[in-house]
Amino acid sequence: MRQYSRQLRVRDITARVGRELETLARLSVSLQKTLSASGIDGDLSPHIVREIQSIDFISQSLEDLGAFVNKLSEQISPHLACDADTVFASLRLQDLAAALDPEHFAEFQKRATDGDVSWF
């Protein structure tokens, strides 16, 4: 007896990847704000301060990638599909796999307008 694999619409999973990237961007901004508010700037070397400030670049990159992947998903043919087992086998985190799987309900938060974060 032949076993059939579960097919995922690439369009759907790509949209979920975009939303996950936007979620990671929000988490990164939150981390940046927390570090800034913690007052850890007292005895830090300029090199360490620059390294901490790179979180802003990570946040902006994640946000841009999220928006890019969301737009990309709109351009993908609704007929293009991939094997669910194959793509999810590459993920270590079960929560991430569930968030990306269109068969799992996921409530996504709207993007917050976080504004600029001032460092030290």
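Refer to the structure printed above.
Residues numbered from 1 in each chain as written. Predicted model: local features only at pLDDT ≥ 70, side-chain atom pairs only at ≥ 80, totals over all residues. Heavy atoms only, no water.

Asks: So, the pattern of salt bridges: which residues are in play, and what are the values?
Replies: All chains considered together, the criterion is met by 4 salt bridges. Across the pair Asp101 and Arg6 runs a salt bridge, and its minimum N-O distance is 2.8 Å. With a gap of 95 residues between them, Asp101 in the segment after helix 4 (94-100) and Arg6 in the segment before strand 1 (7-9) connect regions that are remote in the sequence. According to the relative accessible area criterion, Arg6 is partly exposed, its value standing at 26%. Linking Lys71 and Glu74 is a salt bridge whose minimum nitrogen-to-oxygen distance equals 3.5 Å. Separated by 3 residues within a single helix, Lys71 and Glu74 lie in helix 2 (residues 46-75), roughly one turn from each other. Each of the salt bridges in this network shares a partner with another, and the network as a whole consists of Arg6, Asp101 and Glu103. (Salt bridge = Lys/Arg side-chain N within 4 Å of Asp/Glu carboxyl O. Helix = DSSP H or I, 4+ residues; strand = E, 2+ residues; numbered from the N terminus. Buried < 20%, exposed > 50% of the residue type's maximum accessible area, 1.4 Å probe, protein only.)

Asks: Run through the packing of helix 1 (residues 10-37) against helix 2, naming residues and quoting values.
Replies: In contact at an axis separation of 8 Å, helix 1 and helix 2 are set at 160 degrees when each is read in the N-to-C sense. The orientation of helix 1 with respect to helix 2, classified from their angle, is roughly antiparallel. Helix 2 is crossed by helix 1, and the crossing has left-handed handedness. (Axes fitted to C-alpha atoms, helices over the stretch in contact; angles between N-to-C directions. Parallel < 35°, antiparallel > 145°, perpendicular 65-115°, else oblique. Left-handed = near helix turned anticlockwise from the far one by under 90°.)

Asks: For the nonpolar core, give the residues involved together with the corresponding values.
Replies: Membership of the largest hydrophobic core is limited to 9 residues, which are Leu8, Val10, Ile13, Ile76, Cys82, Ala84, Phe88, Ala97 and Leu100. Contributing elements (two or more residues each) for this core: helix 1, helix 3 (84-88) and helix 4. Those residues in contact with Leu100 that lie beyond four places of it in its chain are Ile13, Arg16, Val17, Glu20, Phe88 and Leu91. (Core = buried A, V, L, I, M, F, W, Y, C linked by side-chain atoms within 4.5 Å. Contact = heavy atoms within 4.5 Å.)

Everything listed here is a matter of coordinates, which is why it stays silent on function.
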